[in-house]
Amino acid sequence: MDAIFGNGAEYDWALEVEEDEEVRKQEEQTLELKDVFEPSQLAEKLLTDEDNEIRFTDEPERFQLDRKPFKHLQISVDQFKEESLWIANLMWPKKQLASDLQVHFHKAVGKVLEFFVVEELEVPYVFQHRKDYLIHARKTRNPEHRDDPEAPEYIVNAEKLLTQDDLWRILELDIKFRSLIEKRNALEKTYDNLKAVASVEDDMVPKMLAQAVDMEQLQDLQDYINFQYSPQLKDIAAMNGNTKATKRPGAKSSVFDRVRKSRAYKMVRAYGITPDRLAQNALREGKKVIADDEQSLPIDLADSLTDADFPTGDQVLYHARQTYAEELFMSPRMRKHFRAQYYQMGEVNCHRTDKGLRRIDEAHPYYEIKYLINQTIADLARRPELFLKMMRAEEEGLVEVTMRLQNEREFRRQLHAEFASDNYSDLADAWNEERLKVLDMAFPKLERVVVKGVKDSLRTACQEEILKLCREEYLKRLDQAPLKPKGMILGTTPRVLALSNGMGDPNRDPVFWAWLEEDGRVVDHGKFVSLARDEGQREAFADLIEHRKPDVIAVSGFSTETHRLVRDLESLVQEKRLMGPEYLDTETDDYRTDPLDVIVVNDEVARLYKDSPRAQAEHATLSSVTRYCIALAKYLQNPMKQYAALGKDVATLLYNPCQHLLPQDKLWKVLETSMVDMVNLCGVDINEAVSDPYTANLLPYVAGLGPRKATSVIKTINTNGGIVNTREELVGDPDNKKLPVVGPRVWNNCASFLSIDFDSSNPASEPLDNTRVHPEDYELGRKMAADALELDEEDVKAETDENGPGAIVRKLFRDDEQEKVNELILEEYAEQLEKNFNQRKRATLETIRAELQVPYEELRRPIAPLSPDQIFVMFTGETKESLAEGMNIPVNVRVVKEDFAIAKLDCGIEGRIEAHDVNLRNGSMRDAIHVGQTIQAKLLDINRTDFHAKLSVRREVVQKPYKRPTDYDQHSGTWDTRLEDQDKEDLKEKDKATGRTQRVIKHPLFRTFNSTQAEEYLGSQAPGDVVIRPSSKGHDHLTVTWKVADGVFQHIDVLELDKETEYTLGRQLRIGGKWQYSDLDELIVDHVKAMAKKVDELMGHEKFKKGSLADLERWLTSYSDANPNRSIYMFCINPKHPGYFNLCFKASRSSPIGMWNVKVVPQAFEMMKNQYPDMRALCNGFKLRFNSEITRQQQQQGRR
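Residues numbered from 1 in each chain as written. Predicted model: local features only at pLDDT ≥ 70, side-chain atom pairs only at ≥ 80, totals over all residues. Heavy atoms only, no water.

Novice: Residues and numbers for the pattern of salt bridges, please.
Specialist: Opposite charge on two side chains permits them to pair, given that their charged atoms come into close proximity. According to the stated counting rule, one finds 95 salt bridges in the structure shown. Close ionic contact of Glu347 with Arg404 constitutes a salt bridge, the shortest N to O distance being 3.1 Å. Of this pair, Glu347 sits in strand β3 (residues 346-352) while Arg404 sits in strand β5 (residues 399-405); the two residues are 57 residues apart in sequence, bridging distant segments of the chain. Its salt-bridge partner being Glu766, residue Arg782 comes within 2.7 Å of it at the nearest N-O pair. In this pair, Arg782 sits in helix α37 (residues 778-788) while Glu766 sits in the loop between β14 (754-755) and α37, placing the two residues 16 residues apart along the sequence. On the basis of relative accessible area, Arg782 is assigned to the buried category, the value being 14%. Classification of Glu766 as buried rests on a relative accessible area of 10%. (Salt bridge = Lys/Arg side-chain N within 4 Å of Asp/Glu carboxyl O. Helix = DSSP H or I, 4+ residues; strand = E, 2+ residues; numbered from the N terminus. Buried < 20%, exposed > 50% of the residue type's maximum accessible area, 1.4 Å probe, protein only.)

Novice: Can you explain the sheet that holds strand β19 (residues 948-952)? Please cite residues and give values.
Specialist: Around the barrel, 5 strands lie side by side as β15-β16-β17-β19-β18; this closed barrel has mixed pairing. Strand-to-strand twist across the sheet, computed as the mean angle between neighbouring axes with direction ignored, equals 50 degrees. Pairing of strand β15 (residues 888-896) with strand β18 (residues 934-943), which is carried by 5 bridges, proceeds in the antiparallel orientation. Paired with Ile889 across the two strands is Ala937, which belongs to β18. Contacts between helix α47 (residues 1080-1099) and the sheet are confined to β15 and β18, with β18 contributing the most and set at about 75 degrees to the helix. (Pairing = 2+ DSSP bridges. Axes fitted to C-alpha atoms, helices over the stretch in contact; angles between N-to-C directions. Contact = heavy atoms within 4.5 Å.)

Novice: Hey, could you go over the nonpolar core for me, with residue numbers and the actual values?
Specialist: Here is a general trend for soluble globular proteins: nonpolar side chains tend to be buried in one another's company. Membership of the largest hydrophobic core comes to 193 residues, with the highest contact counts inside it found for Leu162 and Leu699. It is helix α25 (residues 426-478) that provides the largest number of residues to this core, a total of 16 residues. In this structure Leu699 touches Val684, Ile686, Ala689, Leu705, Ala710, Val713, Ile714 and Leu754, once residues within four positions along its chain are discounted. In terms of nonpolar packing, the next biggest core, distinct from the first, is built from 51 residues, Ile545, Leu565, Val891 and Ile913 among them. (Core = buried A, V, L, I, M, F, W, Y, C linked by side-chain atoms within 4.5 Å.)

Novice: Explain the packing of helix α10 (residues 164-198) against helix α11 (residues 204-211) to me, and be specific about the residues and the numbers.
Specialist: Between two packed helices, the angle of one axis relative to the other and the distance separating the axes together describe the packing. The geometry of α10 relative to α11 is characterised by a closest axis approach of 11 Å and an angle of 170 degrees between their N-to-C directions. Compared by their axis directions, α10 and α11 come out roughly antiparallel. Along the contact surface, α10 presents Arg184, Leu187, Glu188 and Tyr191, while α11 presents Val205, Pro206 and Leu209. Per-class residue counts for the contact of α10 with α11 are 5 nonpolar, no polar and 2 charged. (Parallel < 35°, antiparallel > 145°, perpendicular 65-115°, else oblique. Nonpolar A, V, L, I, M, F, W, Y, C, P; charged D, E, K, R; others polar.)

Novice: Explain the packing of α37 against helix α41 (residues 842-853) to me, using residue names and the numbers behind them.
Specialist: Where α37 meets α41, the closest approach of the two axes is 10 Å, and the angle between their N-to-C directions is 60 degrees. Between α37 and α41 lies a crossing of right-handed hand. Across from Leu780, Gly781, Met784 and Ala785 in α37, the residues of α41 making contact are Leu845, Ile848, Arg849 and Leu852. Looking at the contact of α37 with α41, its residues break down into 6 nonpolar, 1 polar and 1 charged. (Left-handed = near helix turned anticlockwise from the far one by under 90°.)

Novice: Report on empty space enclosed by the protein, specifying residues and quantitative values.
Specialist: Where empty space is left can be seen by rolling a probe of water-molecule size over the atoms. Enumeration according to the criterion identifies 2 cavities of 30 Å³ or more in this entry. Lining the largest cavity we find Met208, Gln217, Asp220, Leu221, Pro332 and Lys336. Of all the secondary-structure elements, those providing two or more residues to the lining of the largest cavity are α12 (215-228) and α19 (332-345). Here the lining of the largest cavity gets 3 residues from one element, more than from any other, and that element is α12. One number sums up the size of the second largest cavity: a volume of about 30 Å³. (1 Å grid on protein atoms, 1.4 Å probe; cavity = no way out; pocket = protein on both sides within 12 Å on 5 of 7 lines; lining within 4 Å. Points joined across faces, edges and corners; volume = space filled by probe spheres on them.)

Novice: Outline the pairing of strand β6 (residues 496-500), listing residues and values.
Specialist: Burial of β6 is extensive: 5 of the 5 residues sit out of reach of the surface. Here β6 shows two buried faces, one formed by Val496, Ala498 and Ser500 and the other by Leu497 and Leu499. Examined bridge by bridge, β6 and strand β7 (residues 510-516) share 5 bridges and lie antiparallel to one another. Residue pairing in the sheet places Ser500 in a bridge with Phe512 of β7. The pairing of β6 with strand β9 (residues 552-555) spans 4 bridges and is parallel. Bridge pairing links Ala498 to Ala554 in β9.

Novice: Quick rundown of α25? Include the residues and the values.
Specialist: Under the 1.5 Å per step criterion, the end-to-end length of α25 is 76 Å for 53 residues, consistent within 8% with the ideal 78 Å. The sharpest bend along α25 comes to roughly 25 degrees, located at Ala442, with the proline Pro444 sitting one to four residues further on. (Expected span 1.5 Å × (residues − 1). Bend = angle between axes of the 7 residues up to and from the residue.)

Novice: So what's going on with α19? Residues and values would help.
Specialist: The first and last C-alpha atoms of α19 sit 20 Å apart over 14 residues, in line with the 20 Å expected at 1.5 Å per residue. Buried within α19 we find Pro332, Arg333, Met334, Arg335, His337, Phe338, Arg339, Gln341 and Tyr342.

Novice: Give me the lowdown on the side chain of Arg67, citing residues and values where you can.
Specialist: Looking at where Arg67 falls in the secondary structure, it is placed in the loop between α6 (61-66) and α7 (77-95). Contact partners of Arg67, with chain neighbours within four places excluded, come to Glu59, Phe116, Val117, Glu120, Asp174, Ile175 and Arg178.

Function cannot be read off these values alone, since they describe shape.
The structure is reproduced here in structure tokens:
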């Protein structure tokens, strides 16, 4: 062939010339990314110089990011041992292990720390390949062995010392310890400077530095040094040319410096005991030292110590007290004593502020903490969300959170006893009284600083508890294998037909569908109209099932109408006898088919996906609901991939009702650990990741990698030809001109989690590359395979010489002899490895045995079906807290019969009102209530499975207010009932005095707010939520304030007509002269809620752009620059005019940006005085209007 066609070498010279020319041009026109893009754009795309350094440094990416602040910190061997002990001591109390395991636990922590810090191994690697160091094996003789020689001689019981959660905790504490060491090093350096330059000798400082175990204690020492040695530190700073460190004259420390330099300081020493020694007395450190009394009265001594700075005895006495109190306040030991007392005996109390008095009513989420008192730290540890709510409410100015000691009086008495002298005389009494005054001055200062620290520490601990719950919940969602088709093994991907009605009524509106093959391709899609009623459509659905043969029917949607669709599909499957594919029944050994399963799918990912830029890029021509169906199907095919594709948007999903009280960066960090755990449990097919973007989304979570390294891995593999043949190839293969994909250290972390399909027809294919076995253990795997096949050394050598190192495992698979590895006695292997190589591999050998039998077996649990409660929340948006029995709710009457009525709740479900639950007029239901009427009803019962409720509209029932249930007894001393009752009475009196509530409007949404208070109240509520409040226009007006969007609130003026009295509610309510309603419930449902739905529709549309008007204009300009001849239009919210949106458009690159206003009205959008019922009509109306405007302008120009 070469003789005919040549091998191309004869053209090398031409290629070299071309390459030289290209290099010369590149050198002349070298442009870097930072020359083209803004720094913010580079940072967003992870393309900064710093990102590239992380990308190409041979160290796990997550380690680099976490340790970035401590990059130059060197930890000594002694500090490393100290860290191991520090972490183990922090973790041990919560482990609840047997006490005789404590030594082994400490060793395990030290070994894990060594893996992290010295060997730079990530959590998944340690958990998977160093599992033997996380357990403690107890080997005991088997008593049965004496009677039965075939019974094992020994029994091994393994105690799990560290879980995977513990490994993440150790990693987190490692970062905290580095921060601790950095601060301690800085303090040691400061003290060394004081010793060297100012000859300071203070034995307490080095001793306390060595004992400090947290940042609070180090901060105490820093405060002490800055206070005690302020003049010396100023001198050192001046010597170093750092004048900024010098405090201004008259600063607080300068006052105490003046006291120290004056004769008045003798008065401070006259208290007879140093502050530090007093603190040691309190801590019971060393032998107790008793204060000595001076031989003269305090005032007499003060008079004798006057000087120019302090000319009177009273001044000397006052400043001496102040100085001693300050020294006591700055004493690290005294703060330690106080802190210990507050952790042991502290009680937390909530007290509402004046602002919170009105803001926090019984419907407010903070009401459960409004009068909460006497909460110990142990109480709050059991309910961490309570304390987080307290702290958030305090930040919002609604409550004041205080701490006090349960035993404060006794604590003060004991402290004074340690300070007082034990003499009995008038002189001793005078000095002890003086000492008591000093303590009274120091106590509030110490209390203030210690309480702040304790509250901060408690908040962090409570956050960690909620974060842990979020991590566990996310792990449950990730720990779901693809839906298993019947007759297949777990892990097989199903073929899915997904349907949804979106927000529509399946009886009238289209039901969209999408069909996905097992490889995730969207093969077909479409829609059915009137699926429940149209027989032709039902036949078409049956034909689709017969043609495509799906494994499952997936369904979900945005409203309660979807519940009806589910029931329709289930009946359709039964009616048409729609069966799934054939499968082998292992019990009967016959092939059989079953009716198709209709499964309601968790749609939390699909809702985020359907209108996202990613969805529009992948399926630009499909409707939003069809894209939603695609996401539902993909979720069933692999939930983990769908969550990974969300990136940081996973933090917007709900894992815990209180997660909004958590810092977002901490939440994302802990969610990332869940994904890392699960991705490395399942592994990633590296070649699939190169070709499939959804699989590529998993790469950043592989051990050793991250978002930066993942992009580099894919780029380098593509440079190498787009295929990885072996794991070893990832570190480079110069012989075959393969560039290194990762460095040796990163490769060591990620190798076993990147799988490569075994190709039995390819002699170079390594079968162990498709297992969880790490390359470092391949020899163990080969040895076990050889022993299972009973091959001797000569047989092994002959086989490997002929077919390569993987020949033995290849033979095991080829001969289908995997079950033979179960016959191996792994204990002997493990003992030999530990004895000869000092390697603990017992658990690793078990992993190898499992992988030799079933390579990369699916270890996730079967996908969990949604419970009726979960389905109810998904379709209605109502939780058990937002919709509960006993609540008063507005309902719209749909049907009225003689003995019952049917009404629809705001969430879409139907409720039944029996005749005995109505105040009948003339004994007739139809005279009491009528169709179309919106009335207030009491929710008696709710069936969350059948989406049905029981209601009562009897006046005496509805008038009973709903009281939110609490988890604590309000009469147990932890609820300030007296203040609660007093506040209610005071509010009534204030309202009478101001006339604010002389109008009695009995409605659950009525609040006596002004506009600012209404906006503050609605600020933390959901868009569409409403407050009814008094109007400043008089008693014939009301104001309805509703939340349009975050930070945007509309205030609607309501005119009341046909009023019985000045203070009662009008029988007719008019808005803007156009809309008229008979009561407030009708107004809220048909006006406000109707507008809120239109806002949701517009903001959920693909043409809506989040951000400000300026952001949208910049985006339009950028789009036009990239597409000069295309027109573009988008919507954005108008925060200056609530209820309005800006429609911005640009006809071409050279055209200016135009803007029209779009107003939201009930059931429609209003633009240019025309109303449009939905977004499709609005967009079409804009295009027609715009074209007519262009035509009109052209005609006018033509006339000129």
